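In case you want the letters, here they are:
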Amino acid sequence: MKIGVVRESIPGERRVALVPASVQPLIKAGCVVLVEDGAGDAAGFPTAEYVEKGAGALERSQVFAQADLILQVTGPGADAAASTLGEFREGQAVIAMQDPLGNPHGTQAMASRSMTAFSLELVPRITRAQSMDVLSSMATVAGYQAVLEASAIQPKLFPMMMTAAGTLAPAKVFVVGVGVAGLQAIATAKRLGGVVEAYDVRPAVKDQVVSVGAKFVEFDLETEDAEDKGGYAKAQSDDFIKRQQEQMLAVVARNDVVITTAAIPGKKSPVLVTEAMVEAMAPGSVIIDLAAERGGNCELTRKDEVVEAHGVTILGPTDLVSRKPYHASQMFSKNVETFLKSMLEEGELKIDLEDEVVAGTLLTMDGEVVHPRIRELLGLEVKAPAPAPEPAEETTPEQEGS
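Residues numbered from 1 in each chain as written. Predicted model: local features only at pLDDT ≥ 70, side-chain atom pairs only at ≥ 80, totals over all residues. Heavy atoms only, no water.

(A) Spotlight on the pattern of salt bridges. Here the structure, examined in full by the defined rule, presents 17 salt bridges. The partner of K156 in a salt bridge is D256, and the shortest N-O contact between them spans 2.8 Å. Of this pair, K156 sits in the loop between α5 (134–153) and β7 (161–163) while D256 sits in the loop between α8 (238–253) and β12 (257–260); the two residues are 100 residues apart in sequence, bridging distant segments of the chain. Owing to a relative accessible area of 43%, K156 belongs among the partly exposed residues under this scheme. Close ionic contact of K350 with E345 constitutes a salt bridge, the shortest N to O distance being 3.4 Å. Judged by its relative accessible area of 43%, K350 is partly exposed. When salt bridges that share partners are traced, they join E36, R60 and E87 into one network. (Salt bridge = Lys/Arg side-chain N within 4 Å of Asp/Glu carboxyl O. Helix = DSSP H or I, 4+ residues; strand = E, 2+ residues; numbered from the N terminus. Buried < 20%, exposed > 50% of the residue type's maximum accessible area, 1.4 Å probe, protein only.)

Pasting the structure below:
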């Protein structure tokens, strides 16, 4: 099988789906790797390094023409990359982030071209798949970068300092949402010397917050049913969110930096920080909203814009991960390599629908949308799984000979 790696088409995207270190493992697995000339330049991986590892370097059109499978960071199923759909051949396979929950019609468009498409966002949260989890990898980078952005903008230093000119009080940081991005933000803010508080609707994460040196904020709310089977926070009722906002106001007001990370896959982000909270913050304070892509956790957030309101700077960046493209690409590539190798058999792609990871990420095949959840979003009939075959009766040597 020929695997193609191309330069990302989204403006400002600097990551690459496969780095040179992953080329040899795929070649050893029986594959041929083809790379668009310059695909990794923006991430810090020159084409010569791919060639040294055994990859072939071609023009973009040649990669699409020759490859059986294309690897991308953002695939043609996502809105932002819809223009790349026409570059794919009918029947070609693609592994990428496809935003199927937010843009199911993009999945339908890939099915119409008879493509075999996998969505890396849908890798199930099971132990075996942890090394394939691109969302966790990218969230690690986003949480780290969010703190750096805040530290560059806010007018205070993060650490407490004892100087000849007096003692400088440390910056106070409040992290809302303690997933992978939130934990990394907490850890980074602590390393910079900030005093950190954190909140999550899931009380089970308290130990994780304390383990990285922050104080866990608890509100008077009923949270027993706040987490789904996959470990994500569930959407809450309007009444729950209103009471949460009322209790959060005082916490937001006493912090210099607020970093919000609360996102629900495929749904609008919950508004947790109201304009009243922003108004209560001290002038010069900063809010970094990592949920901006789905509307934002702050009422005043505008996607990919800097908003100045009540003396507070509010950022809604969606490209934080791309601002550290070298290590982001390195982690993404390892996730993809592990995912792909789990399906390779003698250099060919074997799609085993009995495999939980394969079935959970496969969007389209043979001209159809096959993922049940995406079919439901599209209003298509959700097909019942085929019944398991009856087990064959065991025979004894005597029966075989009769």
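(B) Main features of the pairing of strand β6 (residues 116–119). Burial along β6 is two-sided: the face carrying T116 and F118 and the face carrying A117 and S119 are both buried. Across 4 bridges, strand β5 (residues 93–97) lies against β6 in parallel orientation. Bridging from a neighbouring strand, A96 pairs with S119 of β6. Here β6 pairs with strand β18 (residues 362–365) via 2 bridges, running antiparallel. By the bridge assignment, F118 is partnered in β18 with L362. (Pairing = 2+ DSSP bridges.)

(C) Region of the structure containing a nonpolar patch on the surface. A cluster of nonpolar side chains, namely L157, M161 and L168, defines an oily patch on the protein surface of about 230 Å² accessible area. For M161, a relative accessible area of 32% gives the class partly exposed. (Patch = residues over 30% accessible without salt bridge, like charges linked within 9 Å, V, L, I, M, F, W, Y side chains within 5 Å. Areas by Shrake-Rupley, 256 points an atom, 1.4 Å probe, with all protein chains shown as cover.)

(D) Quick peek at the packing of α5 against helix α10 (residues 325–341). Where α5 meets α10, the closest approach of the two axes is 9 Å, and the angle between their N-to-C directions is 170°. The angle between α5 and α10 falls in the class roughly antiparallel. In this structure, α5 contributes V134, S137, M138 and V141 to the contact, and α10 contributes A328, M331, F332 and N335. Grouping the amino acids of the contact of α5 with α10 by side-chain chemistry returns 6 nonpolar, 2 polar and no charged. (Axes fitted to C-alpha atoms, helices over the stretch in contact; angles between N-to-C directions. Parallel < 35°, antiparallel > 145°, perpendicular 65-115°, else oblique. Contact = heavy atoms within 4.5 Å. Nonpolar A, V, L, I, M, F, W, Y, C, P; charged D, E, K, R; others polar.)

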